[in-house]
Amino acid sequence: EAGVTQFPSHSVIEKGQTVTLRCDPISGHDNLYWYRRVMGKEIKFLLHFVKESKQDESGMPNNRFLAERTGGTYSTLKVQPAELEDSGVYFCASSRITGREAFFGQGTRLTVV
Amino acid sequence: AQSVSQHNHHVILSEAASLELGCNYSYGGTVNLFWYVQYPGQHLQLLLKYFSGDPLVKGIKGFEAEFIKSKFSFNLRKPSVQWSDTAEYFCAVNNRDYGGSQGNLIFGKGTKLSVKP
């Protein structure tokens, strides 16, 4: 069974540019989560999808971040325009609808210069 | 607000030494507790979890953790570490009342473990 896959693994962009991160969850996992770790800080929850619906987006930092999950499969997280403080590692995780364990991807390291 | 504290930022041990990583959480309700590990260049993976029942939980690779409700603690232990245990360890908590799924995890800042061969 393939794990959670994230693309790209690294991204370096200039301040003001747009970046789109992608997450492919494990097949059959309706729950999909985005987390972010800013350097030196804890991993923080951003949002939670159940299928294509946003269940909880309380962790989204501001309206420069837009997450989508069309068709309830893969998800994208767009940052537009990127700011320096957006640098960090973005993790995606997925779980079954009744599952109590979330499986994480390797993360996307985003550097905004 | 819920929070998780991991007491050690970086722990350095020699092989065969015993390990204990501290984790305390602040939340008055019913929680699920987790320890995740991230080996260099790899994804976060679950070491062990506690939902209910026996407060002493055994996980993969010889790790165990003990839930002490009165102390709001979930410390991770291993009697004898190996060089391959070098990694970053994260304690996490979530509110069991969050629907039927794992929900929003609250993580600690992580503890880097370096094991000298």
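In case you missed it, the structure is sitting above this.
The notes below deal with the structure included here. Position labels on residues start from 1 in each chain and follow its written sequence. Chain A is the first chain written and ligand 1 is the first ligand written, with later ones labelled in order. Only residues with pLDDT of at least 70 are given local features in this predicted model, and only at 80 or more are side-chain atom pairs given and counted; all residues enter the totals for whole chains, interfaces and linings. The basis for every side-chain value is the complete set of non-hydrogen atoms in the structure, without hydrogens or water.

1. Digging into the overall build of chain A
At step 1: A tally of regular secondary structure across chain A gives 0 helices and 11 strands.
At step 2: Ordered by position from the N terminus, the helices and strands of chain A form the series β-β-β-β-β-β-β-β-β-β-β.
At step 3: For chain A, the spread of C-alpha atoms along the three principal axes comes to 40 × 25 × 25 Å.
At step 4: The buried share of chain A, reckoned over its 113 residues, is 47%.
At step 5: Only heavy atoms enter the contact rule, under which two residues are in contact if any of them lie within 4.5 Å. The contacts of chain A with a sequence gap of at least 6 include a subset with a gap of at least 24, amounting to 51%.
At step 6: For accessible areas, the Shrake-Rupley method is used with a probe of radius 1.4 Å. Any residue's cover is judged against the shown protein chains and nothing else. A total of about 5600 Å² of accessible surface is found on chain A, and carbon and sulfur atoms cover 48% of it. Counting from the N terminus, the helices are DSSP H or I runs at least four residues long and the strands are E runs at least two residues long. The cut-offs for exposure are 20% and 50% of the maximum accessible area for each residue type, with area from a 1.4 Å probe on protein chains only; residues under the lower value are buried, those over the upper are exposed, and the others partly exposed.

2. Quick look at the pattern of salt bridges
Pairing is possible between side chains of opposite charge, provided their charged atoms come close.
At step 1: Within this document, salt bridges are pairs made up of a side-chain nitrogen of Lys or Arg and a carboxyl oxygen of Asp or Glu, the two lying within 4 Å of each other. Scanning the model with the defined rule gives 12 salt bridges over all chains in all.
At step 2: Its salt-bridge partner being A:Lys54, residue A:Glu57 comes within 4.0 Å of it at the nearest N-O pair.
At step 3: Looking at A:Glu57, the relative accessible area reads 44%, which means it is partly exposed.
At step 4: Look at A:Lys54 and you get partly exposed, because its relative accessible area is 36%.
At step 5: Salt-bridge contacts for B:Arg77 lead to B:Glu64; the nearest nitrogen and oxygen are separated by 3.4 Å. Placement of B:Arg77 in strand β9 (residues 73-78) and of B:Glu64 in strand β8 (residues 64-68) is noted, with a sequence separation of 13 residues between them.
At step 6: When salt bridges that share partners are traced, they join A:Arg36, A:Arg64, A:Glu85 and A:Asp86 into one network.

3. Description of the interface of chain B and chain A
At step 1: Listed by partner, the interface residues are 22 residues for chain B and 22 residues for chain A.
At step 2: Linking chain B with chain A are 1 salt bridge, by the criterion used here.
At step 3: For the salt bridge of A:Arg37 with B:Glu88, the shortest nitrogen-to-oxygen distance reads 2.8 Å.
At step 4: Within 3.5 Å is the distance limit for a polar contact, defined as a pair of N or O atoms, with the added protein rule that one can donate a hydrogen and the other accept it, and that residues adjacent in sequence qualify only through two side-chain atoms. If you look at where chain B meets chain A, you find 5 residue pairs in polar contact (both at pLDDT 80 or more).
At step 5: Of all elements in the fold, only β5 (31-38), β6 (44-50) and β10 (87-95) of chain B reach the threshold of two or more residues within the side of chain B that touches chain A.

4. Description of the state of the cysteines
At step 1: Counting rule for disulfides: a pair of cysteine sulfur atoms within 2.5 Å. Summed over the entire model, instances satisfying the criterion amount to 2 disulfides over all chains.
At step 2: Between A:Cys23 and A:Cys92 runs a disulfide, and the two sulfur atoms are separated by 1.8 Å. Torsion about the S-S bond of the A:Cys23 and A:Cys92 cystine: about -65°, corresponding to left-handed handedness. Taken together, the residues span a long stretch of sequence, with A:Cys23 in strand β3 (residues 19-24) and A:Cys92 in strand β9 (residues 88-95) at a distance of 69 residues. Just as A:Cys23 is buried, A:Cys92 falls in that class too.
At step 3: Each disulfide pairs two cysteine sulfurs, and for B:Cys23 the partner residue is B:Cys91, the sulfurs being separated by 1.9 Å.

Note that all results are geometric; they support no functional claim without further evidence.
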